[in-house]
Amino acid sequence: LVVLSAQIIQIIIAFIPGQGIQMATGYIYGIGVSIVFSVVGAVIGETIAFAIGRALGYDGLRIIVPGGMIDKYVDRLGAKKSLRIVFILYLLPGFPKDLINYVAGISNLRLSAFLISATIARTPAMIGSILIGTFLDSKRYYLVAVIGVILFFIGMKYRKKLDAFIDETLGDNISITNKPKG
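Residues numbered from 1 in each chain as written. Predicted model: local features only at pLDDT ≥ 70, side-chain atom pairs only at ≥ 80, totals over all residues. Heavy atoms only, no water.

This part covers the overall build of the chain. Along the backbone of the chain there are nine helices and zero strands. For the chain, the residues scored as buried account for 39% of the 182 residues in total. Accessible surface, the chain: about 9,400 Å² in total, of which carbon and sulfur atoms supply 70%. (Helix = DSSP H or I, 4+ residues; strand = E, 2+ residues; numbered from the N terminus. Buried < 20%, exposed > 50% of the residue type's maximum accessible area, 1.4 Å probe, protein only. Areas by Shrake-Rupley, 256 points an atom, 1.4 Å probe, with all protein chains shown as cover.)

If you want it as structure tokens, here you go:
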């Protein structure tokens, strides 16, 4: 419960980095349990942040997201290929992606499509952090580098198929709601 709550809170309070929580989870619980807790926590946290963004609207969201950032994300999420953009941004490790959960809430992006795209893209980095924690516990440091290289090449090889899957399955007609005119 503590690990699940920590993952949820980490996403809702967007400036808390998730890698430390995921590494600690991997260190304590190992790979399988940690992946389940981390993914479930991420989905719950993403859903709550999305709902908060939807409830606050464009103007209210400025309480949570700095002004310049919200406009940058709003422009990206209003683009024709917004789910691809969400996927790529969530795929990048270390990128401050949790603010996007809130901005997605002010788009007409379906919650289900957003969650699928964001969660699939977020999961490899989460697994990487969990593996680091697991391998630190078992003193197998070299495996961290090997797994990172393998995941990189898998991502490069299947990138086009993944783009096609996102476009065909999740749809792409997104616009921002509640944005002031002018």
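Now that the structure is up, let's keep going.
This part covers the packing of aromatic side chains. Using the criterion set out here, one finds three aromatic pairs in the structure. Consider the rings of Tyr-29 and Phe-37, whose centres lie 6.1 Å apart with planes at 75°: the pair is edge-to-face. With relative accessibility at 26%, the residue Phe-37 sits in the partly exposed group. Chaining the aromatic ring pairs together yields one cluster made of Phe-50, Tyr-90 and Phe-114. (Phe/Tyr/Trp six-rings, centres within 6.5 Å; stacked < 30°, edge-to-face > 60°.)

Here we come to helix α2 (residues 18-29). A rise of 1.5 Å per residue sets the reference length of α2, with its twelve residues, at 16 Å; its end C-alpha atoms lie 16 Å apart and thus fit the reference within 8%. All buried positions along α2 are accounted for by Gly-18, Ile-21, Gln-22, Thr-25 and Gly-26. Looking straight down α2, one finds that the buried residues subtend no more than 135° of arc, so they occupy a single side. Immediately downstream of α2, the backbone of Gly-30 shows phi near 85°, a positive value. (Expected span 1.5 Å × (residues − 1). Arc of directions from axis to C-beta.)

The subject of this paragraph is the pattern of salt bridges. Across all of its chains, the model carries two salt bridges by this definition. The residue Arg-122 makes a salt bridge to Glu-46 at a minimum N-O spacing of 2.8 Å. Taken together, the positions of Arg-122 in helix α7 (residues 111-138) and Glu-46 in helix α3 (residues 31-61) put the pair 76 residues apart, joining distant regions of the chain. By relative accessible area, which is 5% here, Arg-122 ends up buried. One salt bridge connects Asp-98 with Arg-122, and the closest N-O pair in it is separated by 2.8 Å. (Salt bridge = Lys/Arg side-chain N within 4 Å of Asp/Glu carboxyl O.)

This brings us to the packing of α2 against α3. The contact between α2 and α3 brings their axes to 7 Å, and the two run at 145°. The interaxial crossing formed by α2 with α3 has right-handed handedness. From α2, Gln-22, Thr-25, Gly-26 and Tyr-29 reach across to α3, where they touch Ile-31, Val-33, Ser-34 and Ser-38. In terms of residue class, the contact of α2 with α3 is made up of three nonpolar, five polar and no charged. (Axes fitted to C-alpha atoms, helices over the stretch in contact; angles between N-to-C directions. Left-handed = near helix turned anticlockwise from the far one by under 90°. Contact = heavy atoms within 4.5 Å. Nonpolar A, V, L, I, M, F, W, Y, C, P; charged D, E, K, R; others polar.)

When pLDDT is averaged along the chain, the result is 80; 80% of the residues meet or exceed 70. Looking over the chain, one finds the lowest element-wise mean pLDDT in helix α9 (residues 159-170), namely 62, and the highest in α3, namely 93. Per-residue pLDDT stays below 50 along residues 172-176; that stretch engages in 20 contacts with residues further than four places along the chain or on separate chains. (pLDDT = per-residue confidence, 0-100.)

The subject of this paragraph is the environment of Thr-123. In this fold, Thr-123 is placed in helix α7. Sequence separation between Thr-123 and Val-39 is 84 residues; the distance between their C-alpha atoms is 6.9 Å. Here the side chain of Thr-123 touches Thr-119 through a polar contact of 2.5 Å, landing on its backbone oxygen. (Polar contact = N/O pair within 3.5 Å; in protein donor to acceptor, adjacent residues only side chain to side chain.)

It is worth spelling out the packing of α3 against α7 at this point. Direction vectors running N to C along α3 and α7 enclose 145°, while the axes themselves pass 9 Å from each other. In this structure, the crossing between α3 and α7 has a hand that is right-handed. Residues Ile-31, Ser-34, Ile-35, Ser-38, Val-39, Ala-42, Val-43, Glu-46, Thr-47 and Phe-50 of α3 lie in contact with α7, whose contacting residues are Leu-111, Phe-114, Leu-115, Ala-118, Thr-119, Arg-122, Thr-123, Met-126, Ile-127, Ile-130, Leu-131 and Thr-134.

The topology assignment puts Phe-87 in helix α5 (residues 82-91). A residue is classified by how much of its surface remains accessible, and Phe-87, at 5% relative accessible area, is buried. For the pair Phe-87 and Ala-121, spaced 34 residues apart in sequence, the C-alpha separation works out to 5.4 Å.

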